[in-house]
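Coordinate inspection notes
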Amino acid sequence: MKHELEDQDSDLERKLDLMLRTGRLLIQSLADSNRIDRNMRRIAVYMGIPSDKFHMHITYTTLMINISEGSRSVTKFRKCTMHGVNMSVLSEISKLSWRAIEKNYTLDEYEQELDRIEKAEHHYPRWLTVIGSGLACAGFGKLFGCDWPAALITIVASCVAMFARQEMNKKHFNLYMTVTVSAFIAVVIAGSGTYLKISDTPHHPIFACVLFLIPGVPLINCIDDMIDGFTIVGVTRAVIASITIGAITFGMAFALKALHLEDYSATLVPYEKWYIIAAAAAVAATGFAVLFNVPPHTLIVSAVGGAVAVVLRNFLIYQAGWSLPLSSFCGAFFFGVITLYVVHVVHVPAHVISVPPVIPMIPGVLMYKAMTGMLNINATEALEQVPYLLQTLESGVKAGMTILAISLGVAISNVIGRRYFSTSKQKRLMLEMKMKADGNL
């Protein structure tokens, strides 16, 4: 009897360890908390753990799980120190959780699959990731009317800065120091281009070259978490994203000071034809998809999605006269609804193909204007700077509302998908999960 209890405890601890490894991979890949919760509970039921015996606490850096039954209670936690967007991990773990139920994996088989996911290399080589960042930023610049020489300068500046960022990440530099230095390098190169006199829009590369550093996914996830009731995690993401934006701003400010380019202007209104805007958005979305390591077969979805979302947003702003936040919400929501059908073709979670296309709508320029505006406010000349202060406040509020609108568009479409567009396979597997949950630990 004693040996039997020891075997049960050992089996329970192994299940806990496997679940914690799975959850840590999701957290480190920047999954939103609702996705972590759903995946972990699905895996718990696959392992025969009843839902009323399973308790979990999620934070930004820690995952804690408790399983209790009668006199037995086991609690373990794992720290998650490394964070980086990896959409392929989110997709693979989601598939594994369903496949484990459908094929009734043993724990050994589940562990082998988990090892494969954890050790899998990035889909895209490093050089392609560097180029992807450059193309993403150049696409951003074209969205606001930069000419081709300026786009080329943006590509060079962003690629060099991305390479420097990768090198600092390999040496485990502090996140915010890495962001500050990367922004400094990018702006020094982009700002130097203003002296070459080869572009009619020489200032556009200055703000476009750092947009690969904007924490778009954390900003979207923080709103998602708050909407889904994971307030503490959402607030943590918001704070980290805000500090990251501050680090970008400081890096840019130092570079502009060094180049004596403290004051510059760049219009937010695009003057290109709609098909140029669509192509630029597609390139930007694809570049970010590469950075986020999406499955290769979904790249075309990201490209088309970016074009559709941005063109719709611009039409509503410049033709229908709608506000930026409302237009951005419609663009994100419209493509989010489309993904509810596309997921059954590409067989990945909706989040994987709905997030990269909306990143080009993140108001990076407005966020930068708000941050630099606060840095440049002079208290001794407060009365003279009231209009400047109001402009800074307007940029910050509009940027915040736009991010909220984009996040709501993505989140609401995903909620609709989970509620109304479940496939028959998912319903059947959920029934099997419930039947299995009736068993014992």
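The notes below deal with the structure included here. Bear in mind the structure is a predicted one, so any value in this text is a computation, not a measurement.

**Some words on the packing of aromatic side chains**
Following the criterion strictly, the structure yields seven aromatic pairs and no others. Seen in terms of ring centroids, Trp-274 and Tyr-275 are 6.0 Å apart; in terms of plane orientation they differ by 80°. Their pairing is edge-to-face. By relative accessible area, Tyr-275 is classed as partly exposed at 47%. Geometry around Trp-148 places Lys-142 over its ring, the cationic atom sitting 4.0 Å from the centre.

**Points about the packing of helix α6 (residues 148-170) against helix α7 (residues 175-192)**
At a closest axis distance of 8 Å, the pairing of α6 and α7 adopts a crossing angle of 155°. Put simply, α6 runs roughly antiparallel to α7. When you trace α6 past α7, the crossing you get is right-handed. Facing Ile-153, Val-156, Ala-157, Val-160, Ala-161, Ala-164, Arg-165, Met-168 and Asn-169 of α6, the residues of α7 in contact are Thr-178, Val-181, Ser-182, Ile-185, Ala-186, Ile-189 and Ala-190. Split into classes, the residues belonging to the contact of α6 with α7 amount to 12 nonpolar, three polar and one charged.

**Brief notes about the pattern of salt bridges**
Going through the model one piece at a time under the given rule, you end up with 18 salt bridges. Residue Asp-17 pairs with Lys-76 through a salt bridge whose shortest N-O separation is 3.0 Å. Here Lys-76 lies in strand β3 (residues 72-79) and Asp-17 lies in helix α1 (residues 2-28), a separation of 59 residues in the sequence.

**Considering helix α4 (residues 107-119)**
Between its first and last C-alpha, α4 extends 18 Å over 13 residues, near the 18 Å set by a 1.5 Å rise per residue. Within α4 the residues assigned to the buried category are Leu-107, Tyr-110, Glu-113, Leu-114 and Ile-117. Relative to the axis of α4, the buried residues are bounded by an arc of 125° and lie together on one face. The exposed set on the far side of α4, more than 90 degrees from its buried face, consists of Gln-112 and Lys-119.

**Here's the deal with the environment of Ile-243**
With respect to the helices and strands, the residue Ile-243 is situated in helix α10 (residues 231-259). Taking the C-alpha atoms as reference, Ile-243 lies 7.6 Å from Tyr-176; in sequence the two are 67 residues apart.

**Concerning the side chain of His-351**
Positionally, His-351 belongs in helix α14 (residues 350-354). Using a relative accessible area of 4% as the deciding quantity, one classes His-351 as buried. Residues in contact with His-351, not counting those within four places in the same chain, are Asp-32, Arg-35, Met-87, Asn-221, Asp-224, Pro-356 and Asn-414.

**Re the state of the cysteines**
On inspection of all chains with the given rule, the structure shows zero disulfides. Cys-159 takes part in no disulfide bond, and the closest cysteine sulfur, belonging to Cys-137, lies 8.5 Å away. Between Cys-209, a free cysteine, and Cys-137, which holds the nearest cysteine sulfur, the sulfur-to-sulfur gap is 7.0 Å.

Criteria and cut-off values
Residues numbered from 1 in each chain as written. Predicted model: local features only at pLDDT ≥ 70, side-chain atom pairs only at ≥ 80, totals over all residues. Heavy atoms only, no water. Phe/Tyr/Trp six-rings, centres within 6.5 Å; stacked < 30°, edge-to-face > 60°. Buried < 20%, exposed > 50% of the residue type's maximum accessible area, 1.4 Å probe, protein only. Lys NZ or Arg CZ within 6 Å of the ring centre and 35° of its normal. Axes fitted to C-alpha atoms, helices over the stretch in contact; angles between N-to-C directions. Helix = DSSP H or I, 4+ residues; strand = E, 2+ residues; numbered from the N terminus. Parallel < 35°, antiparallel > 145°, perpendicular 65-115°, else oblique. Left-handed = near helix turned anticlockwise from the far one by under 90°. Contact = heavy atoms within 4.5 Å. Nonpolar A, V, L, I, M, F, W, Y, C, P; charged D, E, K, R; others polar. Salt bridge = Lys/Arg side-chain N within 4 Å of Asp/Glu carboxyl O. Expected span 1.5 Å × (residues − 1). Arc of directions from axis to C-beta. Disulfide = S-S within 2.5 Å.

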